[in-house]
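Fold and contact review
Here are the chains, one letter per residue:
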Amino acid sequence: MRLNVNGNSLEIDADPDMPLLWALRDIAGIMGPKFGCGIAACGACTVHIDGVPVRSCSLPVGAVEGEITTIEGLSKGGELHPVQQAWLEEQVAQCGYCQAGQIMTAVALLDEIAEPTDEDIDNAMGGNLCRCGTYPRIRAAVKRAAALKTAEL
Amino acid sequence: MNWRGRLLTATAMLMLTAPSFAQDNAPSQQEGLAAWQQVYAVFSHPRCANCHVADERPRWVGAAGSAERIHAFNVQRGVDGSGFGNAGLRCTSCHFESNSKHLNGPPGAPSWHLAPAEMVWHKISSAGICAQIKDPERNGGRTLQEIAEHVREDPLVGWGWKPGPGREPAPGSAEGTYEELERWAAAGAPCPQE
C-alpha cells in the first residue's frame, strides 16, 4: 500500500491491520510519533491525517485515507513551526517523550482556534498525558504559539 | 330485500368489518407495551445510553455490572454542540471505523459522536424515553418507521451489538429491536406509566 507522509509517497508492505504507528516507526523509520499505551489513552502517538489529530497506535494502517503529517513534517523550509518555536521558548519538555504528540494536538487546536482560551486549551489537550506534569508550560506555550502565528500573518 | 339489496348489504358489512378485522390482528396495547419494554432494555443499556446524555460528557461502562465513570481525557460534546468533540480532541481522534482489538482499546464505528442533548436516554425512565422517541422535536424529526429503520441500519447504532472486547453488548439484535419497534408502533405506540 502507499502512504502519503509529510509530502512523500511511501510504499509500505504491511498487514492492513497493523497500527499506523508501527508502519511509521518500524517500516518507514519515522520515529517522531511515540508508543505510549497502545490503546489511544495517552496521546504520545498523535499524528495528523488531513490536519486532524489521530492516535496512530490504534488506527489500522489499511484504514488510512489522506495525507499523514508527523512531527517531522511540521517545519517548512528549515523554519520551525510556531508551536515548535514556542515549545523551545517556554522550555516545555522535561523528559520529552510525550511532546511530539502534545505539539501535534496543539497545532490542530490553533488551526481551528487562533486565540484559544485556557478552557479551549484544556478541552483540546486533555487526551495528551504528560507524566512529568509540564501542563502549565504546555498551556503557556500554546498561548505563545498563538501569538507567534498571529505575528506571522 | 331483493338479491341486489342483499348483495349490497353483504358488501357493506364486509367493508365495515374489514378495518375491524385488521385491528383484531394488530398487537394489543399490552403486547405493544411488552414490545416497548424490549426496546427500552436496548435504549437504556449503557452501550446506547452512555452517549445519549443530557450533559456534555459521555460515560464509560465496560463489562456487565462494572461501575459507570465519566469518559476520561476531558472529552466533551463540543462547544459547537455538534457532538463530535472539541477542537483538537474530536471523537474521531481515537474512535475509528472499527473496534480496537485490544482490551480497553477505543471502540469504533463510522461517524462516532454523541447523540443530540434532546435525545437523552441516560438515567431516563421508560416513560420518559418513550415520550421522547415519539416527539419529532426530540427524535430528529423522524416517524416511528424511520426510527425503526435507523435502529436497524445505522452503523453507529449497530455498534451497540458488536462493541468489541470487554464490553457487554446491548440485548438482542438490531433486527430484533427493529421488529419490536414495528410491533410497538402497530399497537399504537403505547407508553408505560413510569
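Residues numbered from 1 in each chain as written. Chains lettered and ligands numbered in written order. Predicted model: local features only at pLDDT ≥ 70, side-chain atom pairs only at ≥ 80, totals over all residues. Heavy atoms only, no water.

**Concerning the packing of helix α5 (residues 144-153) of chain B against helix α7 (residues 174-186) of chain B**
Residues and elements named next belong to chain B. Put simply, the rule reads: Every axis corresponds to a line fitted to the C-alpha atoms, with the helix fit spanning only the stretch in contact, and the corresponding angles, defined between N-to-C directions, vary from 0 to 180 degrees. Helix and strand assignments come from DSSP, with helices taken as H or I runs of at least 4 residues and strands as E runs of at least 2, each series counted from the N terminus. These descriptions rest on fixed angle ranges, namely under 35 degrees for roughly parallel, over 145 for roughly antiparallel, 65 to 115 for roughly perpendicular, and the rest for oblique. The contact criterion used throughout is that any non-hydrogen atoms of two residues lie within 4.5 Å. When residues are grouped by polarity, Ala, Val, Leu, Ile, Met, Phe, Trp, Tyr, Cys and Pro land in nonpolar, Asp, Glu, Lys and Arg in charged, and all others, Gly among them, in polar.
Two elements in contact, α5 and α7, have axes separated by 8 Å at closest approach and are oriented at 170°. Looking at the two axes, α5 sits roughly antiparallel to α7. Contacts between α5 and α7 involve Leu144, Gln145, Ile147, Ala148, Glu149, Val151 and Arg152 from the first element and Ala174, Glu175, Thr177, Tyr178, Leu181, Glu182, Trp184 and Ala185 from the second. Of the residues belonging to the contact of α5 with α7, the class tally is 9 nonpolar, 2 polar and 4 charged.

**Observations concerning the domain arrangement of chain A**
All names here are of chain A. Operational definition: Either an automatic procedure or a domain database provided the assignment from which the domain bounds are taken. Accessible-area loss on putting two parts together, using a 1.4 Å probe and summing over both, is the definition of buried area adopted here. Take a side-chain nitrogen of Lys or Arg and a carboxyl oxygen of Asp or Glu: if they are within 4 Å of each other, that pair is a salt bridge. Throughout this description, a polar contact denotes any pair of N or O atoms lying within 3.5 Å of each other; where both atoms belong to protein, one of them has to be capable of donating a hydrogen while the other can accept it, and for residues adjacent in sequence the pair is counted only when both atoms sit in side chains.
Under the domain assignment, chain A is made up of domain 1 (2-73) and domain 2 (82-152). For domain 1 and domain 2, the distance between their C-alpha centroids amounts to 21 Å. In this complex, domain 1 contributes 16 residues to the contact, which on the side of domain 2 involves 12 residues. Overall, the association of domain 1 and domain 2 removes approximately 1100 Å² of surface from exposure, summing both partners, and the carbon and sulfur fraction of that is 61%. Summed over the three residues of domain 1 that lose the most area to domain 2, namely Cys42, His48 and Ile71, the buried surface amounts to 42% of that side. Joining domain 1 to domain 2, the criterion identifies 0 salt bridges. Run the count over domain 1 and domain 2 and you get 4 residue pairs in polar contact (both at pLDDT 80 or more). When residues of the side of domain 1 that touches domain 2 are traced back to their parent elements, those giving at least two are β3 (46-49) and β4 (52-55). Considered class by class, the residues forming the side of domain 1 that touches domain 2 number 6 nonpolar, 8 polar and 2 charged.

**A word on the interface of chain B and chain A**
Counting residues at the interface gives 20 residues for chain B, matched by 20 residues for chain A. The junction of chain B with chain A conceals about 1600 Å² of combined surface from both sides, 59% of it contributed by carbon and sulfur atoms. When the buried surface of chain B facing chain A is broken down by residue, Phe73(B), Gly88(B) and Phe96(B) rank first, second and third, together holding 31% of it. Between chain B and chain A we count 2 salt bridges in total. Here Arg90(B) ties to Glu112(A) by a salt bridge, and the two come within 2.6 Å at their closest N and O atoms.

**Comments concerning the pattern of salt bridges**
Opposite charge on two side chains lets them pair, provided their charged atoms get close. Residues and elements named next belong to chain B. Put simply, the test is: Under the scheme applied here, a residue whose accessible area is under 20% of the maximum for its type counts as buried, over 50% as exposed, and between as partly exposed, the area being computed with a 1.4 Å probe on protein chains only.
As enumerated under the stated definition, the model contains 17 salt bridges over all chains in all. Asp135 serves as the salt-bridge partner of Arg138, at 3.0 Å between the closest nitrogen and oxygen. Of the charged contacts, one joins Glu153 and Arg152 as a salt bridge, the two residues approaching to 3.2 Å between their closest N and O atoms. Overall, Glu153 belongs to the exposed group, its relative accessible area being 51%. The class of Arg152 is partly exposed, set by a relative accessible area of 32%.

**Some remarks on the side chain of His122(B)**
Residue and element names in this part refer to chain B. Inspection of the secondary structure puts His122 in the loop between β4 (89-90) and α4 (126-134). A polar side-chain atom of His122 sits 3.0 Å from a polar atom in the side chain of Glu68. Those residues in contact with His122 that lie beyond four places of it in its chain are Ala49, His52, Val53, Arg59 and Glu68.

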